[in-house]
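# Commentary on secondary and tertiary structure
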Amino acid sequence: VTMCESTAYILKDGKEEMFFEDIESLENSGGEVKMVSIFGEEKTIRARLRRFSLVDHKIVLEPQ
């Protein structure tokens, strides 16, 4: 079974730091990014989507 969840990383000082794992959905609205994990956990951060790789299951966010 292949899992399709993604991991979010925050850009800090030019480096990517892991922020949230097992993300199944992402919503970008009004300068905030809301993420929900496969376990129902939610996180919202003031950031913009910098890069999203479907192949690597990787979301890179830039704090605002």
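The present account deals with the structure reproduced in this document. If you're wondering where the values come from, they're calculated on a predicted model, not measured in any experiment. Residues take numbers from 1 onward in each chain, read along the sequence in its written order. In keeping with the model being predicted, local features are shown solely for residues with a pLDDT of at least 70 and side-chain atom pairs are shown and tallied solely at 80 or more, while totals for entire chains, interfaces and linings include all residues. The basis for every side-chain value is the complete set of heavy atoms in the structure, and neither hydrogens nor water enter the calculation.

A few words on the overall build of the protein chain. Secondary structure elements are defined from DSSP: runs of H or I of at least 4 residues count as helices, runs of E of at least 2 residues count as strands, and each element is numbered from the N terminus. A count of helical and extended segments in the protein chain gives zero helices and five strands. Reading the secondary structure of the protein chain in the N-to-C direction produces β-β-β-β-β. As defined in this context, the radius of gyration uses C-alpha atoms, and a globule is described by 2.2 Å times the residue total to the power 0.38. Relative to the 2.2 N^0.38 estimate, which gives 11 Å for 64 residues, the radius of gyration of the protein chain is 11 Å and therefore close to what a compact globule would have. By its C-alpha atoms, the protein chain is 35 × 20 × 15 Å across when sized along the principal axes. The classification of residues rests on relative accessible area computed with a 1.4 Å probe and restricted to protein chains. Under 20% of the type maximum is buried, over 50% is exposed, and intermediate values are partly exposed. Within the protein chain, buried positions represent 25% of all 64 residues. Between two residues, a contact is recorded if the distance between any of their heavy atoms is within 4.5 Å. Contacts in the protein chain between residues at least 24 apart in sequence constitute 27% of all its contacts with a sequence separation of at least 6. About 4,500 Å² of surface is accessible on the protein chain, with carbon and sulfur atoms providing 45% of the total. Charged side chains in the protein chain number 9 positive and 13 negative. The centres of these two groups are separated by 7 Å. Residue-level accessible areas treat just the shown protein chains as cover; the underlying method is Shrake-Rupley with a 1.4 Å probe. In this charge count, Lys and Arg are treated as positive and Asp and Glu as negative; neither His nor the chain ends contribute. All charge positions are set by atom: Lys at NZ, Arg at CZ, Asp at CG, Glu at CD.

Below, the discussion takes up the packing of aromatic side chains. Within 6.5 Å between ring centres, the rings of Phe, Tyr and Trp (the latter by its six-membered ring) count as paired, and their orientation is classed by plane angle as stacked under 30 degrees, edge-to-face over 60, tilted in between. One pass over the full model with this rule turns up zero aromatic pairs. For the cation-ring pair, Lys43 lies above Phe19, with the distance from its terminal atom to the ring centre recorded as 4.9 Å. Comment: the charge-over-ring label is applied if NZ (Lys) or CZ (Arg) is within 6 Å of the ring centre and within 35 degrees of the ring normal. Geometry around Tyr9 places Lys58 over its ring, the cationic atom sitting 5.1 Å from the centre.

What makes two strands pair is DSSP finding at least two bridges between them. As paired elements, strand E1 (residues 6-12) and strand E2 (residues 15-29) share six bridges and run antiparallel to each other. Bridge pairing links Ile10 to Glu17 in E2. Taken together, E1 and the strand that follows it, E2, pair antiparallel across an intervening segment of two residues, in which Asp13 is found at a positive phi of about 50°. In terms of strand pairing, E1 meets strand E5 (residues 58-63) through four bridges, oriented parallel. Paired with Tyr9 across the bridge in E5 is Val60.

Moving on, we come to unusual backbone geometry. One non-glycine residue, Asp13, adopts positive backbone phi at about 50°. The phi dihedral of His57 falls on the positive side, at around 55°, and the residue is not glycine. Among the secondary structure elements, His57 is positioned in the loop between strand E4 (42-53) and E5.

Patch membership requires over 30% relative accessible area and the absence of a salt bridge. Like charges are linked within 9 Å, and nonpolar side chains (Val, Leu, Ile, Met, Phe, Trp, Tyr) within 5 Å. Definition used for salt bridges: Asp or Glu carboxyl oxygen within 4 Å of a side-chain nitrogen of Lys or Arg. On the surface, Leu26, Leu49, Phe52 and Leu54 cluster together to form a nonpolar patch covering roughly 370 Å² of accessible area. Inspection of the secondary structure assignment puts Leu26 in strand E2.

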